[in-house]
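# Coordinate inspection notes
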Amino acid sequence: MRLMEYAAKGYEVPRMDMIKTPEQIAGIREAGRLNTEVLDAVEKAIHTGMTTDEIDQIVYHYTVDHGGIPACLNYEGFPKSVCTSVNDVICHGIPDPKQVLKSGDIVNVDATTIYKGYVGDASRMFMIGNVSAERKNLVGVTRECLHRGMLAARGWVNTLGDIGAAIQAFAHKHGYSVVREFGGHGVGLSMHEDPFVSHVGRRGTGMLLVPGMVITIEPMINQGHPDLYIDSLDEWTVRTVDGKASAQWEHTLLITEGEPEILSC
Ligand code: MF3
Ligand code: CO
Ligand code: CO
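Read on for a plain summary of the structure.

## Points about the environment of Glu12
Relative to the elements of secondary structure, Glu12 occurs in the loop between helix 1 (2-8) and helix 2 (22-45). Given a relative accessible area of 46%, Glu12 falls into the partly exposed group. Separated by 195 residues in sequence, Glu12 and Met207 place their C-alpha atoms 4.7 Å apart. Non-local contacts of Glu12, meaning those with residues more than four positions away in its chain, are made with Gly206, Met207 and Leu208.

## Considerations on the layout of surface pockets
In this structure, the largest pocket encloses a volume near 410 Å³. Contributing to the lining of the largest pocket are 27 residues, with His92, Phe182, His185, His192 and Glu218 lying nearest its centre. Of all elements in the fold, only strand 2 (83-86), strand 4 (106-115), strand 7 (184-186) and strand 8 (193-197) reach the threshold of two or more residues within the lining of the largest pocket.

## Let's talk about helix 4 (residues 133-151)
For helix 4, with 19 residues, the first-to-last C-alpha span of 27 Å sits near the 27 Å given by 1.5 Å per residue. Within helix 4, the full set of buried residues consists of Leu138, Val139, Val141, Thr142, Cys145, Leu146, Gly149 and Met150.

## Remarks on the coordination of the cobalt ion (ligand 2)
Within the protein, the atoms that donate to the cobalt ion (ligand 2) are Asp110 (OD), Asp110 (OD), Asp121 (OD) and Glu250 (OE), at distances of 2.0 to 2.4 Å. Seen from the cobalt ion (ligand 2), its six donor atoms lie at angles of 58 to 169 degrees, and the figure they make is irregular. Each donor residue of the cobalt ion (ligand 2) lies on one chain, and together they are spaced D-x10-D-x128-E. The metal-metal distance between the cobalt ion (ligand 2) and the cobalt ion (ligand 3) comes to 3.3 Å, with Asp121 coordinating both.

## Observations regarding the environment of His199
Among the secondary structure elements, His199 is positioned in the loop between strand 8 and strand 9 (214-217). In this structure the C-alpha to C-alpha distance between His199 and Met220, which are 21 residues apart in sequence, comes to 8.1 Å. Those residues within four positions of His199 in sequence are excluded, and the remaining contacts are Gly164, Ile167, Gln168, Val178, Phe182, Gly183, Gly184, Ile217, Glu218, Pro219 and Met220. Looking at His199, its side chain comes within polar contact range of the main-chain nitrogen of Glu218, at 3.0 Å.

## Side note on the packing of aromatic side chains
Considering all chains together, one arrives at three aromatic pairs under this definition. Ring geometry for Tyr6 and Trp156: centres 5.2 Å apart, planes at 25 degrees, overall stacked. In this pair, Tyr6 sits in helix 1 while Trp156 sits in the loop between helix 4 and helix 5 (160-173), placing the two residues 150 residues apart along the sequence. A centroid spacing of 5.0 Å and a plane angle of 90 degrees characterise the contact between Phe78 and Trp236, whose relative ring orientation is edge-to-face. Of this pair, Phe78 sits in the loop between strand 1 (69-70) and strand 2 while Trp236 sits in the loop between strand 11 (228-230) and strand 12 (238-240); the two residues are 158 residues apart in sequence, bridging distant segments of the chain. Overall, the relative accessible area of 2% leaves Phe78 in the buried class. What links up through ring pairs into an aromatic cluster is the set Tyr6, Tyr11 and Trp156. The ring of Tyr6 is capped by Lys9, whose NZ or CZ atom sits 4.4 Å from the centre of that ring. Across the ring face of Trp249, the terminal group of Arg143 is positioned such that the distance to the ring centre comes to 4.3 Å.

What counts, and where the lines are drawn
Residues numbered from 1 in each chain as written. Chains lettered and ligands numbered in written order. Predicted model: local features only at pLDDT ≥ 70, side-chain atom pairs only at ≥ 80, totals over all residues. Heavy atoms only, no water. Helix = DSSP H or I, 4+ residues; strand = E, 2+ residues; numbered from the N terminus. Buried < 20%, exposed > 50% of the residue type's maximum accessible area, 1.4 Å probe, protein only. Contact = heavy atoms within 4.5 Å. 1 Å grid on protein atoms, 1.4 Å probe; cavity = no way out; pocket = protein on both sides within 12 Å on 5 of 7 lines; lining within 4 Å. Points joined across faces, edges and corners; volume = space filled by probe spheres on them. Expected span 1.5 Å × (residues − 1). Donors = N, O, S within 2.8 Å, 3.2 Å for Na, K, Ca; no water. Tetrahedral: all angles 85-135°; square planar, octahedral: opposite > 155°, others 65-115°. Polar contact = N/O pair within 3.5 Å; in protein donor to acceptor, adjacent residues only side chain to side chain. Phe/Tyr/Trp six-rings, centres within 6.5 Å; stacked < 30°, edge-to-face > 60°. Lys NZ or Arg CZ within 6 Å of the ring centre and 35° of its normal.

Given below as structure tokens:
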């Protein structure tokens, strides 16, 4: 079959279990749709003066009321149903009843939903009140980084390195840096599956993308230096070392012969 021909040509090809069956894809599509609705519910309600814990409550209740399970809750000890990452927090921020959103904040809300055994994963940025032009630009460029990554993710054409190269080039062109320690991932039957999807890379390197793979692309783009640390108090919150802002957008994507199909956004 086609996979073996590419392997014989020297491509690194995905394992068979990284290619989903039509039945699995249908299930992931449903889980992805519910996950998108969860973020829509957050988008409707988010406002200045709200706490990040209130975002968590919206995610928990919307998910459970619609027959889903918030995948983050108790995942490796994570205490909440969603990640809320404000300003210099790169990812894995923990919702907190004492954390009030104020004008000028940028916040990433990252939801992962299990529905009928399948998983969807996506995140969006929200701008609270009056956000500076610099931060608005960071959020916009990061969104475009995800889009550029998607355009470099055609099955039988691109490799994982093409996704990273496209994102890295666009971020650097705008004077931003790309987080390397965290990346996208296979998803669908569980939250984190192979392969790791780096947001930096070299064109033509790494695993060939094949229709039927389901992956996330979720670039974390920093205004300043790429260096990060994990908060020692909660052992989850990932922050920029220089204290400058970071942004992230994430979709769950089905690799096809053309542009990837968005399964959750
Ligand atoms: N949603 C995240 C991702 O994009 C992972 C969540 S970490 C958790 O991979 F601890 F909150 F579950
Ligand atoms: Co996510
Ligand atoms: Co993810």
